[in-house]
Amino acid sequence: MKALVLSGGAGTRLRPFSYSMPKQLIPVAGKPVLVHAVENLHALGITEIGIVVGGHAAEIAAALGDGSRLGVRISYIRQDVPHGLADCVRLARDFLADDDFVMYLGDNVLPGGLAELAEGFLARRPAAHVAVKKVGDPSSFGVVQVDGEGRAVRLWEKPAHPVGDLAIMGVYFFTPAVHEAVAAIRPSARGELEITDAIQVLVSTGHEVRVHEHHGQWWDTGKLEDLLECNRALLDILPPPVAGAVAGAVDDHSELVGPVVLGPGVRIVRSRIVGPAVIGGGSEVVDSALGPYTVIGEECRLSGAGVEDSIVLDRARIRQVRGIRQSVIGRAALVISSPRGGHRLAVGDHTTVEVAAA
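The rules behind these values
- Residues numbered from 1 in each chain as written.
- Predicted model: local features only at pLDDT ≥ 70, side-chain atom pairs only at ≥ 80, totals over all residues.
- Heavy atoms only, no water.
- Helix = DSSP H or I, 4+ residues; strand = E, 2+ residues; numbered from the N terminus.
- Rg over C-alpha atoms; globule rule 2.2 N^0.38 Å.
- Buried < 20%, exposed > 50% of the residue type's maximum accessible area, 1.4 Å probe, protein only.
- Contact = heavy atoms within 4.5 Å.
- Areas by Shrake-Rupley, 256 points an atom, 1.4 Å probe, with all protein chains shown as cover.
- Lys, Arg positive; Asp, Glu negative; His and termini not counted.
- Charge placed at Lys NZ, Arg CZ, Asp CG, Glu CD.
- Pairing = 2+ DSSP bridges.
- Axes fitted to C-alpha atoms, helices over the stretch in contact; angles between N-to-C directions.
- Core = buried A, V, L, I, M, F, W, Y, C linked by side-chain atoms within 4.5 Å.
- Parallel < 35°, antiparallel > 145°, perpendicular 65-115°, else oblique.
- Left-handed = near helix turned anticlockwise from the far one by under 90°.

J.: What am I meant to see in the overall build of the protein here?
T.: Helix and strand counts for the protein come out as nine helices and 31 strands. The C-alpha radius of gyration computed for the protein amounts to 22 Å, which stays within 12% of the reference 21 Å derived for 358 residues, consistent with globular compactness. Viewed in the frame of its principal axes, the protein has a C-alpha envelope of about 70 × 45 × 40 Å. Scored against the burial criterion, the 358 residues of the protein give a buried share of 53%. Summarising the internal contacts of the protein: among those between residues at least 6 apart in sequence, 49% fall at separations of at least 24. When the accessible surface of the protein is split by element, carbon and sulfur atoms take 50% of a total near 15,200 Å². Averaging the coordinates of the 34 positive side-chain charges in the protein and doing the same for the 41 negative ones gives two points 4 Å apart.

J.: Just checking my understanding: could you explain the sheet that holds strand E28 (residues 328-329) for this structure?
T.: What links the strands of a sheet is backbone hydrogen bonding, and the strands pair in either a parallel or an antiparallel sense. Strand order in the open sheet formed by six strands is E16-E19-E22-E25-E28-E30, and the pairing between neighbours is parallel. The strands lining the two open edges of the sheet, one partner per strand, are strand E16 (260-262) and strand E30 (346-347). Across the sheet, helix H9 (residues 224-236) touches strand E19 (277-279), strand E22 (294-296), strand E25 (310-312), E28 and E30, and the angle it forms with E25 is around 95 degrees.

J.: Help me out: how do you make sense of helix H8 (residues 195-204) in this one?
T.: It helps to recall that an α-helix has 3.6 residues per turn; residues three or four apart then point in one direction. Of all 10 residues that make up H8, seven are buried, and the element is covered over most of its length. Within the sequence span of H8, burial applies to Ile 195, Thr 196, Ala 198, Ile 199, Gln 200, Leu 202 and Val 203. A positive backbone phi angle near 90 degrees is found at Gly 206, which sits one or two residues after H8.

J.: Looking at this structure, I do not really get unusual backbone geometry. What am I missing?
T.: Across residues other than glycine, the phi torsion is negative in most instances, and most of the peptide bonds are trans. Going from Gly 275 to Pro 276, the amide bond is cis rather than trans, its omega being 5 degrees. For Pro 276, the position within the fold is in the loop between strand E18 (272-274) and E19. The backbone of Gln 320 sits at a positive phi, close to 55 degrees, despite the residue not being glycine. Along the polypeptide, Gln 320 turns up in the loop between strand E26 (317-319) and strand E27 (324-325).

J.: I tried to follow the environment of His 42 on my own but got confused; where do I start?
T.: With respect to the helices and strands, His 42 occurs in helix H2 (residues 33-43). In the structure, His 42 is positioned 30 residues away from Val 72 in sequence and 6.9 Å away in space, judged by C-alpha atoms.

J.: For this particular structure, what's the right way to read the pairing of strand E1 (residues 2-7)?
T.: Regular strands have side chains that alternate between both faces of the sheet. Burial analysis of E1 places six of its six residues in the buried class, which makes it a mostly covered element. Neither face of E1 is open: one carries Lys 2, Leu 4 and Leu 6, the other Ala 3, Val 5 and Ser 7, and all of them are buried. Bridge analysis of E1 against strand E6 (residues 101-105) gives five bridges, and the strand direction is parallel. Pairing of Ala 3 across the sheet is with Val 102, part of E6.

J.: Looking at this model, I keep getting lost on the nonpolar core. Mind explaining?
T.: Soluble globular proteins tend to pack their nonpolar side chains together in the buried interior. Counting 36 residues, the largest nonpolar core has Leu 4, Val 89, Met 103, Phe 174 and Ile 195 as the members making the most contacts within it. With five residues, the top contributor of residues to this core is H8. Those residues in contact with Val 89 that lie beyond four places of it in its chain are Leu 4, Leu 96, Phe 101, Met 103, Val 178, His 179, Val 182 and Ile 195.

J.: Help me understand the packing of helix H7 (residues 177-184) against H8 in this model?
T.: Packed helix pairs are characterised by how far apart their axes lie and by the angle those axes make with each other. The interhelical angle for the contact between H7 and H8, taken along N-to-C directions, is 110 degrees, at an axis separation of 8 Å. The angle between the axes of H7 and H8 places the two elements in the roughly perpendicular class. Considering how the two elements wind past one another, H7 and H8 form a crossing that is right-handed. Residues Ala 177, Val 178, Ala 181, Val 182 and Ala 184 of H7 lie in contact with H8, whose contacting residues are Ala 198, Val 201 and Leu 202.

As structure tokens, then:
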């Protein structure tokens, strides 16, 4: 079995960050979202992965390389203009050949992995095996109607008036039968080749399409609030620290409480860090207090800072600002104190922001 990971798209819901970096490379629990996806696929024994990339192709390729660091082989498939999920399958036709494959949206995170979904597909090998989850408002997702035996009856893409509450998550298992279905569809009213339309062709032509309701955790990290919630959940399952295994340098006037992961070259000076928390390699934290659910990227500089429940990306600097909560600070951003501002921040890359000291 192969895998097709979709990592194109503009990421409009994650602006300002997605202006300058692909949303799939924003880190949760100290690791890019896309790496979480590749690790889930590798855990299934999949080693051949095609990644569909768009305008940020070079940055994604620089982050993942050929995949060998993650135990897989990665092929990059270019989609110059986002024309829908089924268009990604069309573009990947040569890579996929006649193999079964799993298609995985690259901004999805499933902490429990894909084993149960894969087992359901392998047990019956339907033409398509679609993961769904009950949500409060399915109108922003694909929606599927299911019969009493777990078979798909009808599918819609982002319906204004959904029938039922089963949202399509963005994890699909397919046999090669899907290629003929993709070739049979035409662009929707949105101008895209919808994967829901291709799956509907499979249903209408008598192929078996099974639906698996997922009861575990799942995040579509396309929005900041979901990104932070996912970060909290993944940090909650950090292993406890191992005695004597702290990679960074912590002075005698500092305190680490709970699970705190320090990267190589980290310096902690006169600071208190309450885990779960991750601090990336080469970062420096001085006269600061970091609360739970905080992730600091690599080569960051924090002085007189107070941060919790937040993600701070590589090379960011925070000076004399406390009370920062539920925030995302972009790469090489500078946050400094000032008589004005607030502390729930979304600061883009290479941006200077002045906020009031708490």
